[in-house]
Amino acid sequence: QEQLVESGGGLVQAGGSLRLSCAASGRTFSGYTMGWFRQAPGNEREFVARISWTGGSTDYVDSVKGRFTISRDTAKNTVYLQVNSLKPEDTAVYYCAADLGWGTPPAPWWEYDYWGQGTQVTVSS
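Since the structure is predicted, the reported quantities are computational estimates derived from the model, not experimental observations.

About the criteria used
Residues numbered from 1 in each chain as written. Predicted model: local features only at pLDDT ≥ 70, side-chain atom pairs only at ≥ 80, totals over all residues. Heavy atoms only, no water. Helix = DSSP H or I, 4+ residues; strand = E, 2+ residues; numbered from the N terminus. Buried < 20%, exposed > 50% of the residue type's maximum accessible area, 1.4 Å probe, protein only. Contact = heavy atoms within 4.5 Å. Pairing = 2+ DSSP bridges. Axes fitted to C-alpha atoms, helices over the stretch in contact; angles between N-to-C directions. Disulfide = S-S within 2.5 Å. Core = buried A, V, L, I, M, F, W, Y, C linked by side-chain atoms within 4.5 Å.

Caption draft 1: Local environment of the environment of Ala23. By the secondary structure assignment, Ala23 is in strand S3 (residues 18-25). Judged by its relative accessible area of 33%, Ala23 is partly exposed. Between the C-alpha atom of Ala23 and that of Ser124, which follows or precedes it by 101 residues, the distance is 27 Å. In this structure Ala23 touches Gln3, Leu4, Val5, Asn77 and Thr78, once residues within four positions along its chain are discounted.

Caption draft 2: Looking closely at the sheet that holds S3. Spatially, S1-S3-S8-S7 is the arrangement adopted by the four strands of the open sheet, whose pairing is antiparallel. The sheet is open, and its two edges are formed by strand S1 (3-7) and strand S7 (68-73), each paired on a single side. The sheet shows a mean angle of 15° between the axes of neighbouring strands, direction not considered. Both S1 and S3 contribute to a ladder of five bridges, which runs antiparallel. Note that in S3 the partner of Glu6 across the bridge is Cys22.

Caption draft 3: Geometry of the state of the cysteines. Taken as a whole and assessed by the stated rule, the structure comprises one disulfide. Sulfur-sulfur distance for the disulfide between Cys22 and Cys96 comes to 1.9 Å. Here Cys22 and Cys96 share a disulfide; its torsion about the S-S bond, 55°, makes the bridge right-handed. On the criterion of sequence distance, the pair formed by Cys22 in strand S3 and Cys96 in strand S9 (residues 92-100) is long-range, its members being 74 residues apart. A residue is classified by how much of its surface remains accessible, and Cys96, at 1% relative accessible area, is buried.

Caption draft 4: Representation of the nonpolar core in the model. Counting residues in hydrophobic clusters, the biggest one holds 27 residues, and the most contacted among them are Leu4, Met34, Trp36, Val48, Phe68, Leu81 and Tyr94. Counting residues per element, the ones that place at least two in this core are S3, strand S4 (32-39), strand S5 (46-51), S7, strand S8 (78-83), S9 and strand S11 (119-124). If near-sequence neighbours (up to four positions away) are discounted, Val48 is found in contact with Trp36, Phe37, Arg38, Asp59, Tyr60, Val61, Val64, Phe68, Leu81 and Tyr94. Judged by nonpolar contacts, the second largest core, of five residues, contains Phe47, Ala97, Ala107 and Tyr112.

Caption draft 5: Highlighting unusual backbone geometry. Going from Thr104 to Pro105, the amide bond is cis rather than trans, its omega being 0°. For Asn77, which is not a glycine, the phi torsion comes out positive at approximately 55°. When you line up the elements, Asn77 lands in the loop between S7 and S8. If you check the backbone angles, Ser85 has positive phi at about 50° while not being a glycine. Topologically, Ser85 is positioned in the loop between S8 and S9. For Ser85, a relative accessible area of 40% gives the class partly exposed.

Structural data, given as structure tokens:
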């Protein structure tokens, strides 16, 4: 059974950093774009970043550019999101997801095929 499992969330002070991981199992995600989304209470699920299968292409929402970095290790079937200079408004549940293919603009969350259970990131001021 295909599975994505996120880890690495936690409580951090503003300005701090975390490294989120998303481990895939049950199948190879060869050819899949991997994305990170987040959802704060009362808000819609928001695109954060995505990375192509080869890792050669990335996209970020403007609010995280220069602070977040997405990467993937295809040998380990794992995707990472390094989150630096965290702000209270980054507080949310962070989800990783897999989408077959790469389109422009980035696909909305409902077009992604596989999802993890999410990991909570809380940033205190």
